[in-house]
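Chain by chain, the residues:
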Amino acid sequence: MEAAITTAAAYSLGAMGLAVSAVGLKARLELSKAKHRSLAGHARIARFVASLIPFYQYDETQIFKADAAPDVIVAQRCADFARLAELYSKRYAGTLRLTAEATELISDLQFTEAYRVPFQFSRYVRRHLPIGAFLQSSSGVTTTDLDGNTFYDLTGSYGVNLFGYDFYKECIDRGIERVHALGPVLGSYHPLVADNAARLARVSGMDEVSFHMSGTEAVMQAVRLARYHTRRSHLVRFCGAYHGWWGDVQPGVGNPVPTHETYTLKDMSEASLRVLRSRRDIACVLVNPVQIMHPNSGAPADSTLVDSTRQAHLDRTAYSDWLKQLRSVCTERGIVLIFDEVFVGFRLAPGGAQDYFGVRADLVTYGKTLGGGLPIGAVCGRKHLMKRFSEDRPADICFARGTFNSHPYVMAAANEFLRRLEEPAVCALYRDLDEIWDRRAAALNRRLRDAGLPAQVRNLSSIWTICYTRPSAYNWMFQYYLRAEGLALSWVGTGRLIFSLNYTEADYQAVADRFVAAAEAMQRGGWWWDDPLASNRKIKRRILREMLDHRFSPQRAGRAPG
């Protein structure tokens, strides 16, 4: 009898074990289906593949015929590259000289210089066609380098410059005057902090605010608060989205250690919603609204521009519907929905992406332009989510402090920004915003098509990216022609152009003229050779063969680079 009971119990335990295993397997399968079918969607595989990619560089002959172009085209490229190199060395001499000296001491410059173009070309291009990193002044929509060259600014200061550099100079100058009596006293607050909190609460539609030193820190705190209040471990980020450089939101390449409490899911996918509905360990979902331009892909940069497959598009209705579904599932499952508006905050609309897409988040993070030209981060959220301690358990806290949080000078510049956001002249910049920038982009695209040039722009309001319509291994060269025409780009090159909203029609026309002139010069230089047999697939296959060759060839693998 006892044996029978023991046997029955064993069978029961075994059945329970199988049931638990089946449930676990189902959850794993659902998670797998919700991952995007790309390296960006599989962090561990991406890290592994990245570790296998060998360094190699093209020699002086290969640099100009990586696509097996005929000799006449190669000669065109060589001649025009030499022309550009001479132009740069003479026109930007002082700026380049200081950049070369500073690069020896500044690790940030070493990184950006190394990753302006695909690595096979990088050392040769850096040696012969370097980019200056220093500027002397700014005015209106332009900047001026150390040699007196003036550029139309398309960097947007990485998202800070929304209303023009003179606007931010005024914010900083007036702000300094208002807090001068207190000075850099930290810990206690200047009265402007209270006014900033009230204004941000109104703009965001949230109950409470906390200030930080950067957008990255604001996102870190938002995630920490979500974990604290839900008592759950994992965050969800969507494939390709950027949320700062900290570990949990960079689970793949770029992070020295793997993350264990992050799910990277497919953007705009029913499979991802199923994961959110079924798992019990998800504390929050992070959304970066700029991903509407390129769902499931990273921010476009010329360092990976080896062919012409870069794409960008905008379907506001579809993305709004997706965010509404996401909002519904997060509400249903008690998951905190976080809008990371550090980059796009105040750019799409005065009320940000929440207003633009008609969806309310639980927590919103801001940074960049909010500081009025100075560094800042802010978290705005529902009252119950912003609390950092438990009334019933005094040792149960969610700690977050920073020495420079709410620095008087930063708070004063931010206050100037928030006050001016309500002024009629600034409000007028938002009037017909999408229509204005869509029209400008469409007009430029028509000019490029009519001239037979293989470039087109795609835009989310005043945020643009350049796409290419003809298979080519040399699209990354376009950034150098644009700079030669007096257009300032950030280090990612043609991947992201950011206009300030104070660009007049005359300013825009000047940029468009220079853009077309740069494209025509690129075409004349032979870089957009029209090979009828070329395809993006062939370009990628050639690069894969090169990598395998250098990975497994003992002679080449042992060759010292550079």
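Look a little higher up for the structure.
Values in this document were obtained by computation on a predicted structure and should not be read as measured data.

Draft legend 1. Main features of the overall build of the protein. On a plain count of helices and strands, the protein comes out with 20 helices and 14 strands. Relative to the compact-globule value of 24 Å for 562 residues, the protein shows a C-alpha radius of gyration of 26 Å, a close match. Split into buried and exposed, the 562 residues of the protein put 52% on the buried side. The long-range fraction of contacts in the protein, counting pairs at least 24 apart against all pairs at least 6 apart in sequence, stands at 77%. In the form shown here, the protein has an accessible surface area of approximately 25,900 Å², with 56% of it arising from carbon and sulfur atoms. If you average the places of the 69 positive and of the 57 negative side-chain charges in the protein, the two averages end up 5 Å apart.

Draft legend 2. Inspection of the packing of helix α10 (residues 270-278) against helix α11 (residues 316-333) at higher detail. At their nearest, the axes of α10 and α11 sit 9 Å apart, and the two run at 15° to each other. Classed by the angle they form, the pair α10 and α11 counts as roughly parallel. When the axes of α10 and α11 are compared, the crossing they make is right-handed. Of α11, the residues touching α10 (which contributes E270, S272, L273, L276, R277 and S278) are W322, Q325, L326, V329, E332 and R333.

Draft legend 3. Molecular detail of α10. Among all positions in α10, only A271, S272, L273, V275 and L276 are buried. One side-chain oxygen at the N-terminal end of α10 lies 3.1 Å from the backbone nitrogen of A271; it belongs to S269.

Draft legend 4. Focus on the pattern of salt bridges. The full count for this structure, using the stated rule, is 28 salt bridges. A salt bridge links R77 to D67, with the shortest nitrogen-to-oxygen separation between them at 2.9 Å. Taken together, the positions of R77 in helix α3 (residues 71-91) and D67 in the loop between α2 (43-52) and α3 put the pair 10 residues apart, joining distant regions of the chain. The same class applies to R77 as to D67, namely buried. Of the charged contacts in the structure, one is a salt bridge between R277 and E270, with a shortest N-O distance of 3.1 Å. Bridged by salt links that share partners, the residues D195, R199, R202, R419 and E422 form one connected network.

Draft legend 5. Molecular detail of the environment of F163. One can find F163 in the loop between β3 (150-153) and α7 (165-179). F163 sits in the buried class, given a relative accessible area of 5%. The spatial distance from the C-alpha of F163 to the C-alpha of L421 is 9.8 Å, given a sequence separation of 258 residues. Discounting residues that sit within four places of it in the chain, F163 has contacts with Y168, F417, L421, V426, L429, Y430, S500, L501 and N502.

Draft legend 6. How the structure looks around the sheet that holds strand β4 (residues 208-212). On the basis of which strands lie adjacent, the open sheet formed by 7 strands has the order β4-β10-β9-β8-β7-β5-β6 and mixed pairing. Every other strand in the sheet has two partners, leaving β4 and β6 (262-265) as the edge strands with one partner each. Averaged over neighbouring strand pairs, the angle between their axes works out to 20° when direction is ignored. In terms of strand pairing, β4 meets strand β10 (residues 377-381) through 5 bridges, oriented antiparallel. By the bridge assignment, E208 is partnered in β10 with G381. Against the sheet, helix α9 (residues 215-230) makes contact with β4, β5 (234-238), β7 (282-287), β8 (336-340), β9 (363-367) and β10, and its axis sits at roughly 150° relative to β7, the strand it touches most.

Draft legend 7. Looking closely at the sheet that holds strand β1 (residues 135-139). Here 4 strands make up an open sheet; going across it, the order is β1-β2-β3-β13 and the pairing mixed. Strand pairing shows two members of the sheet lacking a second neighbour, β1 and β13 (487-488), which therefore form its edges. In this structure, strand β2 (residues 142-145) lies alongside β3, joined through 3 bridges in antiparallel fashion. Bridge assignment links T142 to a residue of β3, and that residue is Y152. Here α7 sits on the sheet in contact with β1, β2 and β3, set at roughly 95° to β1.

Draft legend 8. Here's a closer look at the pairing of β5. Of all 5 residues in β5, 5 are buried, a share of seventy percent or more. Alternating residues of β5 divide into H234, V236 and F238 and L235 and R237, and every residue in both groups is buried. In this sheet, β7 lies alongside β5 in parallel orientation, the contact comprising 3 bridges. Counted as the bridge partner of L235 is C284 from β7.

Draft legend 9. Quick look at a nonpolar patch on the surface. A cluster of nonpolar residues, F389, I397 and F399, forms a patch on the protein surface that exposes about 330 Å² of accessible area. Along the polypeptide, I397 turns up in the loop between α13 (383-386) and α14 (408-420).

Draft legend 10. Structural context of the layout of surface pockets. Empty space within the second largest pocket amounts to approximately 780 Å³. Lining the second largest pocket are 29 residues, and of these G132, A133, Y158, L489 and S490 lie nearest its centre. Breaking the lining of the second largest pocket down by element, the ones donating at least two residues are α4 (93-103), α5 (107-114), β2, β3 and β13. A per-element tally of the lining of the second largest pocket places α5 first, with 4 residues.

Draft legend 11. Region of interest: the packing of aromatic side chains. Scanning all chains against the criterion turns up 35 aromatic pairs. On the numbers, 6.3 Å between centres and 50° between planes, the contact of Y468 with W528 is tilted. Within this pair, whereas Y468 is found in strand β12 (residues 463-468), its partner W528 is found in the loop between α18 (505-524) and α19 (536-552), the two being separated by 60 residues in sequence. W528 carries the same exposure label as Y468, and that label is buried.

Draft legend 12. Quick peek at unusual backbone geometry. Of note in this structure, A68 is not a glycine but carries a positive phi near 60°. Mapped onto the fold, A68 is located in the loop between α2 and α3. Unusually for a residue other than glycine, M268 sits at a positive phi of about 55°. Taking the relative accessible area as the measure of exposure, M268 reaches 36% and is therefore partly exposed.

Draft legend 13. Layout of the nonpolar core. Ranked by size, the top nonpolar core spans 127 residues in total, and within it F163, V285, L326, F417, M477, F478 and Y480 carry the most contacts. The dominant element in this core, judged by the number of residues it contributes, is α18, at 10 residues. Membership of the second largest hydrophobic core comes to 20 residues, among which are A222, L385, M386 and C398.

What counts, and where the lines are drawn
- Residues numbered from 1 in each chain as written.
- Predicted model: local features only at pLDDT ≥ 70, side-chain atom pairs only at ≥ 80, totals over all residues.
- Heavy atoms only, no water.
- Helix = DSSP H or I, 4+ residues; strand = E, 2+ residues; numbered from the N terminus.
- Rg over C-alpha atoms; globule rule 2.2 N^0.38 Å.
- Buried < 20%, exposed > 50% of the residue type's maximum accessible area, 1.4 Å probe, protein only.
- Contact = heavy atoms within 4.5 Å.
- Areas by Shrake-Rupley, 256 points an atom, 1.4 Å probe, with all protein chains shown as cover.
- Lys, Arg positive; Asp, Glu negative; His and termini not counted.
- Charge placed at Lys NZ, Arg CZ, Asp CG, Glu CD.
- Axes fitted to C-alpha atoms, helices over the stretch in contact; angles between N-to-C directions.
- Parallel < 35°, antiparallel > 145°, perpendicular 65-115°, else oblique.
- Left-handed = near helix turned anticlockwise from the far one by under 90°.
- Polar contact = N/O pair within 3.5 Å; in protein donor to acceptor, adjacent residues only side chain to side chain.
- Salt bridge = Lys/Arg side-chain N within 4 Å of Asp/Glu carboxyl O.
- Pairing = 2+ DSSP bridges.
- Patch = residues over 30% accessible without salt bridge, like charges linked within 9 Å, V, L, I, M, F, W, Y side chains within 5 Å.
- 1 Å grid on protein atoms, 1.4 Å probe; cavity = no way out; pocket = protein on both sides within 12 Å on 5 of 7 lines; lining within 4 Å.
- Points joined across faces, edges and corners; volume = space filled by probe spheres on them.
- Phe/Tyr/Trp six-rings, centres within 6.5 Å; stacked < 30°, edge-to-face > 60°.
- Core = buried A, V, L, I, M, F, W, Y, C linked by side-chain atoms within 4.5 Å.

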